Amino acid sequence: RPCPRFAQILRPSPTDTSPARKTRSAMSGTTGMAVEWTDLHLTIGGTEALKDVSGRAATGRLTALMGPSGAGKTTLLNAIAHRLTVDSGHVRFNGLAWSKALKRRVAFVEQDDVVYPELTVRQSLTYLARLRLGLDAAATKARVEDVIKTLRLEKAADTLVGGPAARGISGGERKRLCIAQELLVEPAVMLLDEPTSGLDSSMAQITVDVLRDLVRDRGICVICSIHQPSSQVFHTFDDLFLLNKGQPVYAGPVEGAAPYFESALALECPAAYNPSDWFMHACVDGKVDVGERRSRILADSTARRATLASPEAAGGEAPTLVEDTSARYMLPWSTQVQVLLAREWAIRKAALWDWQQLYLHGGIGVLAGLMWFQLGYNERFIFPRFTAVFAIYIQWVFFPFMDSLFFFPMNQVTLKKELGVGAYRLSAWYVAKTTASLLPFTMWPVLHVTILFWMSGLVLDGGAFVVTLCLVWLSILLFQSVSLTLSCGVPGHRIMTAALLLLTGFFLFLGIFIPLEDTPIPWIGYVNPLLYAVQAGSAIVFLWGPPHECNDGVTEATAFPEVCANRPGAVVSNEDALERLGVWAPPGVSVAVMIAFTVFFRVLAFRLLKGRMTEGAQGGPLAALMAKLRPGAAGAPASEAEGKAAAAPATSSEQARAQSSLRVPGGRAERTSARSQVSSAPGGGSEPDIEAASAATPRV
């Protein structure tokens, strides 16, 4: 008999005429699938998480999966959904074995909400419906509105989902939004991992009521893991599957659980107890694990196992649902990119204009403009003009590099979820996401470069300004690509260390602080992408401007004695200035190398991302390689200084200092030997089954 205190709790009846029961869905013809699992056994880290578990969940019924913490509830759900591989046993859906085609009919709602805080409820469902359904606009809108109505989200439909940083919908509405996202595709089976976690009793009741209406209206099979529900929530379920220490204790109708505990196990529910609390208490205290009770539970489990159909036991093989490979994705690749770009625009557009960013980039531009204010065309301004070019590019190395550094860790959860349900191709997401992340960098460089370029008087030529701005945008694309490679290839806890080391290497090995030929590894400059950005920018600024007037070599030392000494009115040609600065590559060559680097790193980042998603690697594909790297101590001696200072009225020490200050990356010796070899990007090839790899990663 049920506990006396709760004997009069009313359960919803099939003839309930409440408004919620009168609401019928346009998709009420969904066909459910019964689920049977037989002898599931799984050992994790030496511990038996599942011990030959067998059971069944019927269509049109709401099944509660209960048990103490560590009983194996989430593990069993993941095993049923084939999100992990069991040691033995099998799961059948209406007698069918698991297949990719069947996966599309089994929905899984994680305990942690996987949503986009920047979108409204309606936007979240609309974009996902466009990706997963492939319907026209009218049909998509009708489906979304139907799901919103079914999940009772009408009042929150146009409210931002929100998150920790911005207030949005309630916790119960977030849970129902997660359910709605899966309901869009009309699943036959829905598995939910603690959908009432973190909700108060009223919100939990509303959520379970919605699930109850789903199984009644659509005839689907719904299995929920749930931890100590209230009495009202508990009696909303139709069936109960109770686990303890990886083994079933009870499986059957909810109303039969208390009588079973009393008659079969001699564990009568006290008068003041919620039945679900009593069952949990009996499991935690070990009352179900002693003597005849344990024997009775095992006997009932064996009898239940015998009632389950098993083609394998009869020497046969379970049939499978044949997948239509032509319809693996509902949309073509180009349309996937368009929808994903539209979603990214909806997510990012509100944050594009930021007053703090305006103050930051405008302020940096003004400070730099004051430092290099109105550079003249005297010889002493050659090196300051070069450093002003360096200042432009250094900013647009740092910001895009740091912005993309956590590209993969920040998107890992949602990416795995959506790939797991076959919403889109990984390549479509990669193209859309990385393109959208460039949006802020289309406007802020214009502000910064405009201020610094004209305040410093780098070169009074509008064409040079436009070309410089284009080179800055190319640099942004290049260093975003380098950052993406780190993000996709290096473990999350090591990304910042690797990034700081790499940035330091970029800045040091330019030849600005010490000529590259004077370092033990002079060749490293040729694989430094920042070197080519600075070389291209310097070439544009110097070649598009007038020559610099010479120091006379008497009152002021000159770095160009062969041109300037004792020659009043002489000028330093732009070509000589660039050679002294070590700018040896023509602008076209530098741009070509930057483009090659961009393509290489962008393709490499995608290959690493694809490998990481396919293999489910936690350490990252580059982890092993980086672990093997050790700092070398190359013993190459520093090269001799190029020539001696020519005789002139100025002292030789002054001439040497002037030459040393201008010999930046390379000089004449580097010009003759510099031949940049850029590896061609690896080919694309077909994408592996990333859906399966993503879906097979269990929640930890």
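Residues numbered from 1 in each chain as written. Predicted model: local features only at pLDDT ≥ 70, side-chain atom pairs only at ≥ 80, totals over all residues. Heavy atoms only, no water.

Asks: Sorry, what's going on with the overall build of the protein here?
Replies: Within the protein one finds 27 helices and 11 strands. Within the protein, the fraction of its 700 residues that count as buried is 53%. Across the protein, the fraction of contacts at a sequence separation of at least 24, relative to all contacts at a separation of at least 6, is 78%. (Helix = DSSP H or I, 4+ residues; strand = E, 2+ residues; numbered from the N terminus. Buried < 20%, exposed > 50% of the residue type's maximum accessible area, 1.4 Å probe, protein only. Contact = heavy atoms within 4.5 Å.)

Asks: For this particular structure, what's the right way to read the nonpolar core?
Replies: Ranked by size, the top nonpolar core spans 72 residues in total, and within it Val449, Leu458, Leu530 and Phe542 carry the most contacts. Here valine 449 is in contact with Ile392, Trp396, Phe465, Thr468, Leu469 and Val472, once residues within four sequence places are set aside. Core analysis: the second largest hydrophobic core is formed by 63 residues, Val147, Leu199, Val222 and Phe234 among them. (Core = buried A, V, L, I, M, F, W, Y, C linked by side-chain atoms within 4.5 Å.)

Asks: How should I be thinking about the environment of threonine 598 in this particular structure?
Replies: Relative to the assigned elements, threonine 598 resides in helix 23 (residues 587–615). For threonine 598, a relative accessible area of 5% corresponds to the buried category. Sequence separation of threonine 598 and serine 475 is 123 residues, and the distance between their C-alpha atoms is 8.7 Å. The contact partners of threonine 598, leaving out residues within four places of it in the chain, are Leu474, Leu477, Leu478 and Ser481.

Asks: Whenever I open this one, the pattern of salt bridges confuses me. Can you help?
Replies: Close approach of charged atoms allows side chains with opposite charge to pair. Scanning the model with the defined rule gives 22 salt bridges in all. A salt bridge links glutamate 110 to arginine 83; its shortest N-O distance comes to 3.5 Å. Of this pair, glutamate 110 sits in the loop between strand 5 (106–109) and helix 4 (121–133) while arginine 83 sits in the loop between helix 2 (73–80) and strand 4 (88–93), placing them 27 residues apart in sequence. Taking relative accessible area as the criterion, arginine 83 reaches 10% and is therefore assigned buried. Linking glutamate 145 and arginine 122 is a salt bridge whose minimum nitrogen-to-oxygen distance equals 2.8 Å. Remark: arginine 122 occurs in helix 4 and glutamate 145 occurs in helix 5 (residues 137–150); sequence separation between them is 23 residues. For arginine 122, a relative accessible area of 24% puts it in the partly exposed group. (Salt bridge = Lys/Arg side-chain N within 4 Å of Asp/Glu carboxyl O.)

Asks: What exactly am I supposed to notice about the sheet that holds strand 3 (residues 62–66) here?
Replies: Two orientations exist for strands paired in a sheet by backbone hydrogen bonds: parallel and antiparallel. Taking strand neighbours across the sheet as the criterion, the six strands line up as 5-6-7-3-8-9 in an open arrangement whose pairing is mixed. With partners counted over all chains shown, the strands left at the sheet margins are strand 5 and strand 9 (247–253), one partner each. For this sheet the average axis-to-axis angle between neighbouring strands, irrespective of direction, equals 15 degrees. Alignment of strand 3 against strand 8 (residues 239–244), held across four bridges, turns out to be parallel. (Pairing = 2+ DSSP bridges. Axes fitted to C-alpha atoms, helices over the stretch in contact; angles between N-to-C directions.)

Asks: What exactly am I supposed to notice about the state of the cysteines here?
Replies: The term disulfide refers to a covalent linkage connecting the sulfur atoms of a pair of cysteines. Scanning the model with the defined rule gives one disulfide in all. Bridging cysteine 550 to cysteine 564, the disulfide has an S-S length of 1.9 Å. Since a negative S-S torsion denotes a left-handed disulfide, the cysteine 550-cysteine 564 link at about -55 degrees is left-handed. Of this pair, cysteine 550 sits in the loop between strand 10 (548–549) and helix 21 (561–564) while cysteine 564 sits in helix 21, and the two are 14 residues apart along the sequence. (Disulfide = S-S within 2.5 Å.)

Asks: How do you make sense of the sheet that holds strand 4 when you look at a structure like this?
Replies: If you trace the three strands from one edge of the open sheet to the other, you get 2-1-4, paired in antiparallel fashion. For this open sheet the edge positions go to strand 2 (47–57) and strand 4, each flanked by a neighbour on one side alone. Between one strand and the next, the sheet's axes are offset by a mean angle of 15 degrees, whatever the strand orientation.

Asks: Just to check I follow, could you spell out the environment of arginine 294 for this structure?
Replies: Assignment of secondary structure puts arginine 294 in helix 11 (residues 291–306). When the C-alpha positions of arginine 294 and leucine 265 are compared, they lie 8.7 Å apart, and in sequence the two are 29 residues distant. Excluding anything up to four places from it in sequence, arginine 294 contacts Gln247, Pro248, Val288 and Asp289. There is a polar contact of 3.2 Å between the side chain of arginine 294 and the side chain of aspartate 289. (Polar contact = N/O pair within 3.5 Å; in protein donor to acceptor, adjacent residues only side chain to side chain.)

Asks: Please clarify how the packing of aromatic side chains should be interpreted in this entry.
Replies: When we look at a pair of aromatic rings, we describe it by the centre distance and by the angle of the planes. Enumeration according to the criterion identifies 26 aromatic pairs in this entry. Ring plane angle 65 degrees and centroid distance 6.0 Å describe the contact between phenylalanine 234 and phenylalanine 279, whose orientation is recorded as edge-to-face. Taken as a pair, phenylalanine 234 in helix 8 (residues 231–234) and phenylalanine 279 in helix 10 (residues 275–284) lie far apart in primary sequence, 45 residues in all. Plain terms: the ring middles of tryptophan 355 and tyrosine 359 are 6.2 Å apart, the flat faces sit at 35 degrees to each other, and that makes the pair tilted. One end of the pair is tryptophan 355 and the other is tyrosine 359, both in helix 13 (residues 355–371) and four residues apart, which spans about a single turn. Under the relative-accessibility criterion, tryptophan 355 is labelled partly exposed at 49%. The class of tyrosine 359 is exposed, set by a relative accessible area of 52%. Between the NZ or CZ atom of arginine 83 and the centre of the ring of phenylalanine 108, over which it lies, the distance is 4.1 Å. The ring of phenylalanine 560 has arginine 580 sitting right over it, with the charged end atom 5.6 Å from the ring centre. (Phe/Tyr/Trp six-rings, centres within 6.5 Å; stacked < 30°, edge-to-face > 60°. Lys NZ or Arg CZ within 6 Å of the ring centre and 35° of its normal.)

Asks: I keep staring at a nonpolar patch on the surface and nothing clicks. Help me out?
Replies: Residues Val366, Leu367, Leu370 and Phe373 make up a contiguous nonpolar surface patch of roughly 420 Å² in combined accessible area. Counting through the fold element by element, phenylalanine 373 comes out in the loop between helix 13 and helix 14 (382–403). By relative accessible area, which is 52% here, phenylalanine 373 ends up exposed. (Patch = residues over 30% accessible without salt bridge, like charges linked within 9 Å, V, L, I, M, F, W, Y side chains within 5 Å. Areas by Shrake-Rupley, 256 points an atom, 1.4 Å probe, with all protein chains shown as cover.)

Asks: Would you mind showing me how to read helix 18 (residues 462–489) here?
Replies: For an α-helix the count is 3.6 residues per turn, leaving residues at separations of three or four pointing the same way. Between its first and last C-alpha, helix 18 extends 41 Å over 28 residues, near the 40 Å set by a 1.5 Å rise per residue. The element helix 18 is extensively covered by neighbouring structure, given that 21 of its 28 residues are classed as buried. Of the residues flanking the start of helix 18, the one acting as N-cap is aspartate 461, its side-chain oxygen 2.8 Å from the backbone nitrogen of glycine 463. (Expected span 1.5 Å × (residues − 1).)

Asks: Mind showing me how you'd approach helix 14 here?
Replies: For helix 14, spanning 22 residues, the distance from its first C-alpha to its last is 33 Å, which sits close to the expected 32 Å at 1.5 Å a residue. Most of helix 14 sits out of view: 16 of its 22 residues are buried.

Asks: Please explain the packing of helix 14 against helix 19 (residues 495–508) as it appears in this structure.
Replies: Between two packed helices, the angle of one axis relative to the other and the distance separating the axes together describe the packing. Where helix 14 meets helix 19, the closest approach of the two axes is 12 Å, and the angle between their N-to-C directions is 165 degrees. In terms of their interaxial angle, helix 14 and helix 19 are classed as roughly antiparallel. As for the relative orientation of helix 14 and helix 19, their crossing is right-handed in sense. Seen from helix 14, the contacting residues are Ile394, Val397, Phe398, Phe401 and Met402; seen from helix 19, they are Met496, Ala499, Leu502, Leu503 and Phe507. Broken down by class, the residue content of the contact of helix 14 with helix 19 amounts to 10 nonpolar, no polar and no charged. (Parallel < 35°, antiparallel > 145°, perpendicular 65-115°, else oblique. Left-handed = near helix turned anticlockwise from the far one by under 90°. Nonpolar A, V, L, I, M, F, W, Y, C, P; charged D, E, K, R; others polar.)

Asks: Please clarify how the packing of helix 4 against helix 5 should be interpreted in this entry.
Replies: Contact pair helix 4 / helix 5: the axes reach a minimum separation of 9 Å and the direction vectors enclose 130 degrees. Viewed along their axes, helix 4 and helix 5 adopt a mutual orientation that is oblique. Pair helix 4 / helix 5 crosses with right-handed handedness. Between helix 4, through Arg122, Leu125, Thr126, Ala129, Arg130 and Leu133, and helix 5, the contact on the second element is made entirely by Thr140, Arg143, Val144, Glu145 and Ile148. Along the lines of polarity and charge, the residues of the contact of helix 4 with helix 5 split into five nonpolar, two polar and four charged.

Asks: Is there a simple way to explain the confidence of the model for the protein in this structure?
Replies: Do not read the fine detail of predicted coordinates wherever pLDDT is low. Here the protein averages 82 in pLDDT, while 80% of its residues score no lower than 70. A low-confidence stretch, residues 1–29 (pLDDT under 50), is modelled with 48 contacts involving residues beyond four sequence positions or located in other chains. Note that pLDDT drops below 50 for residues 616–686; the model gives that stretch 118 contacts with residues more than four away or on any other chain. (pLDDT = per-residue confidence, 0-100.)

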